[in-house]
Every structure is written in structure tokens, then in C-alpha cells.
Amino acid sequence: MRQLNLISIGLAAFATALLGSCSSTPDRVSAPPFYERLDQTQRPVDPASSTGMINQYRGNNGLRPLVWNDTLARVAKAAAERMASADRVLGATEVNLSGELATSGYRSKSYVANLSAGYRTFAEAFSGWRELKDNNAHMLDPRGVQIGLATAYVPGSKYRVFWALVIAEPQ
């Protein structure tokens, strides 16, 4: 008898689950923000998901997590906008990262930057950076403590989205 009750309870649970899945209004499943097509939405990159993805990668490599810094994000935004204005990827000197950091009042012992273009989502940018030796080393810089990341959008450009990632060790 006990076995029959357990079977009845199991069948009832299965039937409830089955009926619940036949709902006339399916739940909308949204993709994580790091898969959002920034070339279509023109939204800024999501700080929480992008920092989380980089921190998980750093953690997998035995490194401490980075903390989002709004000043570094503004410096990154200025770099991304300079590249967008030039419609090409520029180097750290060309986007004047040292000058931007000084002007912003951010004092760093060290900083590194990934400057790129053409990636449509943060997931694509992250994957691209992982594959490039220097960019990968920047994401895994053991001195890194804080992070800022920004994009600039240019609809007529072949790149469309310009990316700037700044990782720094504050003084």
C-alpha cells in the first residue's frame, strides 16, 4: 500500500509538471547581458556581467577578483570614443590613457588596457581577448585591482562597436 501511495504521489507530481509546461503563455527566456548585441541595441556594456566573467576567468587562474571603478570606466569611455572618432583601433598612447588617468585624478601604480573593435557582444570581446597573447596577459595581470570597461558605437563603421578595457592598480 505504501508503494502504491508513492507511485500515486509521483504520478501526480509528473502530471502537474507536464500540465505546467503546457501553459498558453510561455515564459520568455532572456540571454545573459554578456550576449547582448551591442551593435544592435547601442547600449553600454553591462558592468556586473562583464566584470563577473573576467573575475571568474581570473579566479580560474588563481588571481584575485577585480572591482568595478567608475573613474576607470570614464577613462575607458574616452578611449573608446577616440577610437570611434578615428574609426580604427588605436594604441594606449594614441588614446592618451596616461593623460586621461591623470586628468581624471586616478592615481595608479600600474595599468593595462585592451583596445579593440568589431566585437558585437561582450562575450565575443572576452573570447577575442583571451586568444590574443597581450590582451590575455592584461586580463590576467596579477597587479590588477580595479577595472573599467566601455564601448562606443559608430553605425556607419565597419567595426560598429569600439571597446576599451582598463585594469589598474591604484596607488
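As a reminder, the structure under discussion sits directly above these lines.
No experiment lies behind these values; they were computed from the predicted model shown. (Residues numbered from 1 in each chain as written. Predicted model: local features only at pLDDT ≥ 70, side-chain atom pairs only at ≥ 80, totals over all residues. Heavy atoms only, no water.)

Observations concerning the overall build of the protein chain
Then, number 1: Secondary structure assignment for the protein chain yields seven helices and four strands.
Then, number 2: Counting from the amino terminus, the protein chain carries its helices and strands in the arrangement α-α-α-β-α-α-β-α-α-β-β.
Then, number 3: The buried share of the protein chain, taken over its 171 residues, is 40%.
Then, number 4: Put simply, 70% of the contacts in the protein chain that link residues at least 6 apart link residues at least 24 apart. (Helix = DSSP H or I, 4+ residues; strand = E, 2+ residues; numbered from the N terminus. Buried < 20%, exposed > 50% of the residue type's maximum accessible area, 1.4 Å probe, protein only. Contact = heavy atoms within 4.5 Å.)

Observations regarding the packing of helix H4 (residues 70-86) against helix H5 (residues 97-104)
Then, number 1: Remark: H4 packs on H5, axes separated minimally by 10 Å, with the N-to-C direction vectors making an angle of 140°. Our classification of the angle between H4 and H5 gives oblique. Crossing angle aside, the handedness with which H4 passes H5 is right-handed. Contact residues: Thr71, Leu72, Val75, Ala78, Ala79 and Arg82 in H4; Leu97, Glu100, Leu101 and Ser104 in H5.
Then, number 2: By residue class, the composition of the contact of H4 with H5 is six nonpolar, two polar and two charged. (Axes fitted to C-alpha atoms, helices over the stretch in contact; angles between N-to-C directions. Parallel < 35°, antiparallel > 145°, perpendicular 65-115°, else oblique. Left-handed = near helix turned anticlockwise from the far one by under 90°. Nonpolar A, V, L, I, M, F, W, Y, C, P; charged D, E, K, R; others polar.)

Regarding the sheet that holds strand E1 (residues 67-68)
Then, number 1: Spatial ordering of the open sheet is given by E1-E3-E4-E2, a layout of four strands whose pairing is mixed. Edge positions in the open sheet fall to E1 and strand E2 (108-117), since each of these has one partner strand only.
Then, number 2: Across two bridges, E1 lies against strand E3 (residues 146-153) in parallel orientation. Looking at the pairing, Trp68 lines up with Ile147 of E3.
Then, number 3: Taken strand by strand, H4 contacts E1, E2, E3 and strand E4 (161-170), and its axis lies near 30° from that of E3.
Then, number 4: The sheet strands contacting helix H6 (residues 122-131) are E2, E3 and E4, and the helix crosses E4 at an angle near 60°. (Pairing = 2+ DSSP bridges.)

Quick word on unusual backbone geometry
Then, number 1: We note that Asp87 has phi near 55°; this positive angle belongs to a residue other than glycine.
Then, number 2: Relative to the elements of secondary structure, Asp87 occurs in the loop between H4 and H5.
Then, number 3: Not every positive phi belongs to a glycine, and Arg160 is a case in point at roughly 65°.
Then, number 4: Residue placement: Arg160 occurs in the loop between E3 and E4.
Then, number 5: Judged by its relative accessible area of 30%, Arg160 is partly exposed.

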